[in-house]
Amino acid sequence: MLTIATGLFALTVVVGVWMGMIHMDSEGRRLPPLWLAVGHGIFAVVAFVALIAAIGHSGARGTATGSHSFGVIAAWLFIAAALVGIYLFMRHLRRRRLSGVVIATHMMLAITGFVVLIAYWTFP
């Protein structure tokens with residue numbers, strides 16, 4: 001289950017980078033397609049559910065390496081990224097310009113969560 005969560009979050013990152021490239025290419029004047037934003041959110045929600053299931057079934061994963069709390073830390077970082085992402089999505093629905101600072105905050109939270117998740121996945 002942890003491998004599924006990690007793979008889905010990796011796919012979410014790729015879609016997020018794609019949306020970021022659209023935003024940067026247009027210098028913030030063009031919104032990414034709505035279907036891309038919705039897909040990004042759906043992948044993230046499914047990956048988060050898989051992560052929570054994996055944490056619940058992992059037992060003592062990472063105890064020997066000191067990384068046993070990395071799964072929970074990654075989950076909290078993804079929750080924070082999701083809250084910022086919901087704000088961005090609401091602005092997207094209203095066809096308002098997306099703030100680069102808010103996008104960067106969302107990206108930093110999500111990428112940090114992903115790196116922590118990779119560490120949790122790597123160290124059994």
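The preceding data block contains the structure.
In this text, all values refer to a predicted model and were calculated from it rather than measured experimentally.

Undergrad: Hey, could you go over the overall build of the chain for me, with residue numbers and the actual values?
TA: Each helix and strand counted, the chain has four helices and zero strands in total. Going from N to C terminus, the chain has its helices and strands arranged as α-α-α-α. Its C-alpha atoms give the chain a radius of gyration of 15 Å, within 12% of the compact-globule value 14 Å for 124 residues. If you line up the chain on its principal axes, its C-alpha atoms span 50 × 20 × 20 Å. The 124 residues of the chain split such that 35% are buried. In the chain, of all internal contacts separated by at least 6 residues, the share reaching a separation of at least 24 is 75%. For the chain, the exposed area adds up to about 7300 Å²; of that, 75% sits on carbon and sulfur atoms.

Undergrad: Residue-level account of unusual backbone geometry, with values.
TA: Phi at R95 is positive, roughly 60°, even though this residue is not glycine. Within the element layout of this structure, R95 appears in the loop between helix 3 (70-93) and helix 4 (100-122). With relative accessibility at 65%, the residue R95 sits in the exposed group.

Undergrad: Outline the nonpolar core, listing residues and values.
TA: Counting residues in each nonpolar core, the largest one holds 16 residues, and the members touching the most others are L2, F9, L51, A74, F78 and L117. A74 has contacts with G113, V116 and L117, leaving out every residue within four places of it along the chain. Counting residues in hydrophobic clusters, the runner-up holds five residues, among them V15, M19, I22 and L36.

Undergrad: How would you sum up the packing of aromatic side chains? Please name residues and give values.
TA: Taken as a whole and assessed by the stated rule, the structure comprises two aromatic pairs. Considering the side-chain rings of F9 and F78, the 3.8 Å spacing of their centres and the 10° angle between planes classify their relative orientation as stacked. One end of the pair, F9, is in helix 1 (residues 2-25); the other, F78, is in helix 3, with 69 residues separating them in the sequence. Here F9 matches F78 in class, with each residue buried. Measuring from ring centre to ring centre gives 5.9 Å for W18 and W35, while their planes differ by 75°; the resulting arrangement is edge-to-face.

The rules behind each value
- Residues numbered from 1 in each chain as written.
- Predicted model: local features only at pLDDT ≥ 70, side-chain atom pairs only at ≥ 80, totals over all residues.
- Heavy atoms only, no water.
- Helix = DSSP H or I, 4+ residues; strand = E, 2+ residues; numbered from the N terminus.
- Rg over C-alpha atoms; globule rule 2.2 N^0.38 Å.
- Buried < 20%, exposed > 50% of the residue type's maximum accessible area, 1.4 Å probe, protein only.
- Contact = heavy atoms within 4.5 Å.
- Areas by Shrake-Rupley, 256 points an atom, 1.4 Å probe, with all protein chains shown as cover.
- Core = buried A, V, L, I, M, F, W, Y, C linked by side-chain atoms within 4.5 Å.
- Phe/Tyr/Trp six-rings, centres within 6.5 Å; stacked < 30°, edge-to-face > 60°.

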